Amino acid sequence: YQGAASATGDQGAASATGTQGAASATGDHGAASATGDHGAASATGYKGAASATGDQGAALATGDHGAASATGKASVAAATGLNGSAKGASGCAIVLVRLDVDGTIIHIRASKVGENGVKPGVWYSLDENGEFMECAE
C-alpha cells in the first residue's frame, strides 16, 4: 500500500503491486508496472514500457519509442516520446504526442478506448497528420 519501486539502470524493471503504488524505470529498455488500484507507472528511457493494470491507474512512457498500456478500469496510457505508442482496454483512455526530429510537439491527441475508432487492446501511434494509426505488432 502506497509503496514505491524504482529501477534506474538500463533494462531494469520496477513493479508496484499495492494500492496507490508508484513504479519508475528510468534506464533504456526499462519496464515499470503498477498493478494496484490508483497506481502509476513511468518509463522514461529509450524503448521503455509502462503498464497500469489496476483501476484508475496511469502509465506514462516518455522516452523515444516508449510504450504505455492501461488495462485497469478507468486507467490512462500516455506516450509522449518520439515514436511512442499506447494501448488500452475498453473504458480506458490513451494519450499520444507526435514530435518532430527536434523534439518539438507537432500533434497531441487523446481518446477513450472504444471511441473515435480506437479499438481495445490495439497499439496506436499518431501519423504525420495527428491521426490515430494502428501499429504493427
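Above this text is the structure in question.
Residues numbered from 1 in each chain as written. Predicted model: local features only at pLDDT ≥ 70, side-chain atom pairs only at ≥ 80, totals over all residues. Heavy atoms only, no water.

A.B. asks: Explain the layout of surface pockets to me, please; I cannot follow it from the model alone.
C.D. replies: The gaps left among the atoms become clear once a water-sized probe is rolled over them. A volume near 180 Å³ is recorded for the largest pocket. Considering the residues around the largest pocket, the lining is formed by Gly 81, Leu 82, Asn 83, Gly 84, Leu 96, Val 97, Arg 98, Leu 99, Ser 125, Leu 126, Met 133 and Cys 135. Elements represented by at least two residues in the lining of the largest pocket include exactly strand E11 (93–99) and strand E13 (124–126). Looking at which element gives the most residues to the lining of the largest pocket, the answer is E11, with four residues. Partitioning the lining of the largest pocket into residue classes produces seven nonpolar, four polar and one charged. (1 Å grid on protein atoms, 1.4 Å probe; cavity = no way out; pocket = protein on both sides within 12 Å on 5 of 7 lines; lining within 4 Å. Points joined across faces, edges and corners; volume = space filled by probe spheres on them. Helix = DSSP H or I, 4+ residues; strand = E, 2+ residues; numbered from the N terminus. Nonpolar A, V, L, I, M, F, W, Y, C, P; charged D, E, K, R; others polar.)

A.B. asks: I keep staring at the pattern of salt bridges and nothing clicks. Help me out?
C.D. replies: The final tally for this structure, using the stated rule, is three salt bridges. Taking the shortest distance from any N to any O, the salt bridge between Glu 134 and Lys 119 comes out at 2.6 Å. Separated by 15 residues along the polypeptide, Glu 134 in strand E14 (residues 132–134) and Lys 119 in the loop between strand E12 (105–112) and E13 bring together distant segments of the chain. The exposure class of Lys 119 is partly exposed, given its relative accessible area of 41%. (Salt bridge = Lys/Arg side-chain N within 4 Å of Asp/Glu carboxyl O. Buried < 20%, exposed > 50% of the residue type's maximum accessible area, 1.4 Å probe, protein only.)

A.B. asks: Help me understand unusual backbone geometry, please; the structure alone is not making it clear to me.
C.D. replies: Trans is the prevailing form of peptide bonds, just as negative phi is the prevailing case for residues other than glycine. The phi dihedral of His 38 is positive, around 65 degrees, even though this residue is not glycine. As for its position among the elements, His 38 is in the loop between strand E4 (31–34) and strand E5 (40–43). Within the chain, Lys 47 stands out as a residue other than glycine whose phi angle is a positive 55 degrees. The residue Lys 47 is located in the loop between E5 and strand E6 (49–52) in this model.

A.B. asks: Any chance you could explain the packing of aromatic side chains here in plain terms?
C.D. replies: Centre-to-centre distance and the angle between the planes together describe a pair of aromatic rings. Following the criterion strictly, the structure yields one aromatic pair and no others. Measuring from ring centre to ring centre gives 6.1 Å for Tyr 124 and Phe 132, while their planes differ by 75 degrees; the resulting arrangement is edge-to-face. Assessed through its relative accessible area of 2%, Tyr 124 is described here as buried. According to the relative accessible area criterion, Phe 132 is buried, its value standing at 14%. (Phe/Tyr/Trp six-rings, centres within 6.5 Å; stacked < 30°, edge-to-face > 60°.)

A.B. asks: Teacher, can you tell me more about the pairing of strand E3 (residues 22–25) here?
C.D. replies: Within a regular strand, side chains alternate between the sheet's two faces. Where burial is concerned, the two faces of E3 differ: the one with Ala 23 and Ala 25 is buried and the one with Ala 22 and Ser 24 is not. When strand E1 (residues 4–7) meets E3, the two strands line up parallel, connected through four bridges. Opposite Ala 5, over in E3, you have Ala 23 as the bridge partner. (Pairing = 2+ DSSP bridges.)

A.B. asks: Is there a simple way to think about the sheet that holds strand E7 (residues 58–61) in this case?
C.D. replies: Two pairing modes exist for strands in a sheet, parallel and antiparallel, and in both the strands are linked by backbone hydrogen bonds. Taking strand neighbours across the sheet as the criterion, the seven strands line up as E1-E3-E5-E7-E9-E11-E12 in an open arrangement whose pairing is mixed. The open sheet has two edge strands with one neighbour each: E1 and E12. When the angles between neighbouring strand axes are averaged without regard to direction, this sheet yields 5 degrees. The pairing of E5 with E7 spans four bridges and is parallel. (Axes fitted to C-alpha atoms, helices over the stretch in contact; angles between N-to-C directions.)

A.B. asks: Would you mind going over the environment of Thr 17 with me for this structure?
C.D. replies: Turning to its location among the elements, Thr 17 is positioned in the loop between strand E2 (13–16) and E3. Sequence spacing of Thr 17 and Lys 47 is 30 residues, and the spatial spacing of their C-alpha atoms is 22 Å. Those residues in contact with Thr 17 that sit more than four places away from it in its chain are Thr 35 and Gly 36. (Contact = heavy atoms within 4.5 Å.)

A.B. asks: Before we go on, may I ask you to explain the side chain of Ser 85 in this structure?
C.D. replies: With respect to the helices and strands, Ser 85 occurs in strand E10 (residues 85–88). With a relative accessible area of 14%, Ser 85 lands in the buried category. Apart from residues lying up to four places away in sequence, Ser 85 is in contact with Gly 66, Ala 67, Ala 68, Ala 79, Leu 96, Trp 123, Tyr 124 and Cys 135.

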